[in-house]
Amino acid sequence: MSGSKPDILWAPHQVDRFVVCDSELSLYHVESTVNSELKAGSLRLSEDSAATLLSINSDTPYMKCVAWYLSYDPECLLAVGQANGRVVLTSLGQDHNSKFKDLIGKEFVPKHARQCNTLAWNPLDSNWLAAGLDKHRADFSVLIWDICSKYTPDIVPMEKVRLSAGETETTLLVTKPLYELGQNDACLSLCWLPRDQKLLLAGMHRNLAIFDLRNTSQKMFVNTKAVQGVTVDPYFHDRVASFYEGQVAIWDLRKFEKPVLTLTEQPKPLTKVAWCPTRTGLLATLTRDSNIIRLYDMQHTPTPIGDETEPTIIERSVQPCDNYIASFAWHPTSQNRMIVVTPNRTMSDFTVFERISLAWSPITSLMWACGRHLYECTEEENNNSLEKDIATKMRLRALSRYGLDTEQVWRNHILAGNEDPQLKSLWYTLHYILQYTEDMDQKSPGNKGSLVYAGIKSIVKSSLGVVESSRHNWSGLDKQTDIQNLNEERILALQLCGWIKKETDLDVGPFLNSLVQEGEWERAAAVALFNLDIRRAIQILNEGASSEKGDLNLNVVAMALSGYTDEKNSLWREMCSTLRLQLNNPYLCVMFAFLTSEAGSYDGVLYENKVAVRDRVAFACKFLSDNQVFVSCNFCGKSISYSCSSVPHQGRGFSQYGVSGSPTKSKVTSCPGCRKPLPRCALCLINMGTPVSSCPGGSKSDEKVDLSKDKKLAQFNNWFTWCHNCRHGGHAGHMLSWFRDHAECPVSACTCKCMQLDTTGNLVPAETVQP
């Protein structure tokens, strides 16, 4: 406007047009540029829209406020309030409708000249126009004009006004308003109340007033400073917003005594507030010299009279452009869309995106709401690359009656989708346990033993005898390996693991054939190898490589197996030990771990978690003794007992404790599995696991004892021992020698009476015990 920042208005019914009001009126047309290039002369509003200038009207100087005619006809009729208080009707287009042609150029003149501050068209009666003016002691500040009025006083002559170059029109000056309100006061803002044609809300100098045109002598008002920018919520007609300096007040016309809510005060004065016409309860505010528009989302049902509950308001800010914003206008129909104008008339088309609310349905479908749209996200049934969510798995399994097949228990893994090998192993194990229980009931129907639904551990521990190992020949190799002699309990355990069938011999052939039919080539080859049949393992791998769904790399693995040698220092053994961990399939990995492991040390097989538990249990039944006790690493849990083998080294004696060092044995300083350092003996300070020599009581301090034989390495003196109270300890031989002469712990500053805590305090060295 004249001498102030520009304002901007969307056309009420032409959704692709807007006007910029400054020293002149400029009409623009908005068009999409999504699939087209920017036209010459067009102004870029956003990435997908541009504006083209249609017309300019510069015949209405000294503009202070503008209001667009709300009816469809005529299209581009605007009311312009001027600095002298006059209201002029003007147009931005050629309107040939004779019915409204006479309205263009019509002026409405107050009795006394003063500035027109605000204009408001009546939404119910489109011919009524309200104007708010500054204060005059002898005049009214709120004038309501009827734009179709024909009344012209005799004292006012007809005048000629020029609308455009070369064209003249007769202008009718109307001086008699339809209503006059607010005597000896100033009106700063106006708005009609949509619920009634004759109710007008005005922001006067010191109060908000509701005028009822049916009785103009009375008015309802409330004293407040928040009298600027009064505007009615289009979705809740009893809710009104107004502002004063940096604070916005929200009013409920049903209880008009005080604001129902006062929004957070802004550091700068406000210049405009406006309700969104397409969104419930969304209020936009703009402050002076700011590029931020602050939004207040009132997410609540309007409170009834007498309810003092504070409404819930979500506050956020948006930045439509980088420059300061002079004004903004909501689009009348496009959801959450607005256009902003800067002081230098740069414009930007902007959409306020809704906050997204997520919700899970009971059937695990994800849905979210954004504005008036509701979106649903479902899993693609044909997409196997993404693992299904656990909730989806649970639902699908419940629908397939998973776990309810008690006749053929093993089929439950199929009901679960037949995708999890560990789950398949579990249900087959339960199936075999159920069969075993039924057989036990048939053998002794009147005696329910303790092994009803017993697991493999309970079955194996129920054995009364001691299982011994014996040497067995390999098939396809000139080699023998120690395997435990299978008693009745271990055979039953192998049956429960599925390796052999009941009432048959120990042949794993049927089990291998079933694995081959299911395409589990690697597992079948591993089971064959664990049963000392390397030739059958190689044949299975070759069959798998030649099958349609097989892996050609299995031929390479078969070739590597065929080159197996038992020599400990061979290149084959060295390379397989190093490269086996690079194999993707766990069964191929444990095959080479088995071939390269020392006798009795099968950690590489037993601790491979990706191998089915029942296969590892079956392996243990064949190769581990009943009471295999070993010392495990505190970090990785693997055995270190089998790694304490002898390698020549130069040692030193410990004659002061009755034990002398061996010149031919190595020191094991770390765990062979994770390479973490082993604890040291509190007396000799050598890492635990190092073989030591022991000389009982009367030995000389410089006596050397040869411990090169395997029998000597297994003496009790080399065992790990520690106090369960202070956790200090060392080699058993050293500890016995120390506690012959001392009662306290050998560690400095430790006052623990270790030997007195143990009822077996009178132990003697192992070599003194006669065999």
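What you see is a predicted model, and the numbers here were worked out from it, not measured in a lab.

### Re the pairing of strand β27 (residues 293-298)
Taken across its six residues, β27 has five buried, putting it largely inside the fold. As defined by bridge partners, strand β26 (residues 282-287) adjoins β27 across five bridges and the pair is classed as antiparallel. Its bridge partner lying in β27, Leu283 is registered against Tyr296. If you look at the hairpin formed by β26 and β27, you'll find five residues sitting between the two strands, and Asp289 has a positive phi there, around 50°.

### Examining the environment of Asp478
For Asp478, the location among the structural elements is in the loop between β35 (469-473) and β36 (480-484). Residue classification places Asp478 among the exposed positions, given a relative accessible area of 85%. Between the alpha carbons of Asp478 and Thr565 there is a distance of 9.7 Å; along the sequence they are 87 residues apart.

### What about the nonpolar core?
With 61 residues, the main nonpolar core has Phe530, Leu541 and Phe594 as its most contacted residues. Each residue touching Phe530, except ones within four places of it in the same chain, is listed here: Trp499, Val590, Phe594, Val605, Phe619, Lys622 and Phe623. One finds Cys65, Leu77, Leu103 and Trp121 within the second-largest nonpolar core, a separate group that totals 21 residues.

### Quick look at the sheet that holds strand β17 (residues 187-192)
In spatial order, the strands read β17-β18-β19-β20; together these four strands make up an open sheet with antiparallel pairing. Each edge of the sheet is formed by a strand with only one pairing partner; in this case those strands are β17 and β20 (219-223). Strand-to-strand, the axes of this sheet are offset by a mean angle of 20°, without reference to chain direction. The pairing of strand β19 (residues 207-212) with β20 spans five bridges and is antiparallel. Considered in β20, the bridge of Ile210 is made with Met220.

### Side note on the sheet that holds strand β8 (residues 87-91)
In space, the five strands of this open sheet follow the order β6-β7-β8-β9-β15, with mixed pairing throughout. The open sheet has two free edges, formed respectively by β6 (63-68) and β15 (173-174), since each of these has just one partner strand. Sheet topology places strand β9 (residues 107-108) next to β15; two bridges connect them, and they run parallel. Bridge pairing in β15 places Phe108 opposite Val174.

### Focus on the side chain of Arg114
With respect to the helices, strands and loops of the structure, Arg114 is situated in the loop between β9 and β10 (116-121). Those residues in contact with Arg114 that sit more than four places away from it in its chain are Ala83, Asn84, Gly85, Leu133, Asp134, His136, Asp139, Phe140 and Ser141.

### Here's the deal with the packing of helix α8 (residues 521-530) against helix α9 (residues 534-546)
Put simply, α8 and α9 touch, their axes get as near as 7 Å, and they point 170° apart. In terms of their interaxial angle, α8 and α9 are classed as roughly antiparallel. In contact with Trp521, Ala524, Ala525, Ala528 and Leu529 of α8, α9 contributes Ile534, Arg536, Ala537, Ile540, Leu541, Glu543 and Gly544. For the contact of α8 with α9, a count of residues per class yields nine nonpolar, one polar and two charged.

### Some remarks on the state of the cysteines
Taken as a whole and judged by the stated rule, the model has zero disulfides. Of all cysteine sulfurs in the structure, the one in Cys65 sits closest to Cys116, which takes part in no disulfide; the separation is 3.8 Å. Note on Cys116: relative accessible area 0%, which makes it buried. Free of any disulfide, Cys745 has its nearest cysteine sulfur in Cys750, 3.9 Å distant.

### Quick look at the confidence of the model for the protein chain
Mean pLDDT over the protein chain works out to 80, with 80% of the residues at or above the 70 mark. Contacts for the low-pLDDT stretch residues 153-170, under 50 throughout, to residues beyond four places or in other chains number 22 contacts. Of the regions scoring below 50 in pLDDT, residues 642-665 engages in 60 contacts with residues more than four places distant in sequence or in other chains.

### Let's talk about a nonpolar patch on the surface
A cluster of nonpolar side chains, Leu571, Met575 and Leu579, forms an exposed patch at the surface whose accessible area comes to about 280 Å². Looking at where Leu571 falls in the secondary structure, it is placed in helix α11 (residues 571-579).

### Details of the environment of Phe256
Among the structural elements, Phe256 can be located in the loop between β23 (247-252) and β24 (261-262). For Phe256 and Val222, which are 34 residues apart along the polypeptide, the C-alpha to C-alpha distance reads 7.0 Å. The residues contacting Phe256, other than those within four sequence positions of it, are Leu201, Leu208, Ile210, Met220, Phe221, Val222 and Trp251.

### Let's talk about the side chain of Thr224
Topologically, Thr224 is positioned in the loop between β20 and β21 (228-232). On the accessibility criterion, Thr224 (17% relative accessible area) is buried. One polar contact links the side chain of Thr224 to the main-chain amide nitrogen of Ala226, over a distance of 3.1 Å. Setting aside residues no more than four positions away along its own chain, Thr224 makes contact with Arg206, Asn207, Leu208 and Trp251.

The rules behind the values
Residues numbered from 1 in each chain as written. Predicted model: local features only at pLDDT ≥ 70, side-chain atom pairs only at ≥ 80, totals over all residues. Heavy atoms only, no water. Buried < 20%, exposed > 50% of the residue type's maximum accessible area, 1.4 Å probe, protein only. Helix = DSSP H or I, 4+ residues; strand = E, 2+ residues; numbered from the N terminus. Pairing = 2+ DSSP bridges. Core = buried A, V, L, I, M, F, W, Y, C linked by side-chain atoms within 4.5 Å. Contact = heavy atoms within 4.5 Å. Axes fitted to C-alpha atoms, helices over the stretch in contact; angles between N-to-C directions. Parallel < 35°, antiparallel > 145°, perpendicular 65-115°, else oblique. Nonpolar A, V, L, I, M, F, W, Y, C, P; charged D, E, K, R; others polar. Disulfide = S-S within 2.5 Å. pLDDT = per-residue confidence, 0-100. Patch = residues over 30% accessible without salt bridge, like charges linked within 9 Å, V, L, I, M, F, W, Y side chains within 5 Å. Areas by Shrake-Rupley, 256 points an atom, 1.4 Å probe, with all protein chains shown as cover. Salt bridge = Lys/Arg side-chain N within 4 Å of Asp/Glu carboxyl O. Polar contact = N/O pair within 3.5 Å; in protein donor to acceptor, adjacent residues only side chain to side chain.

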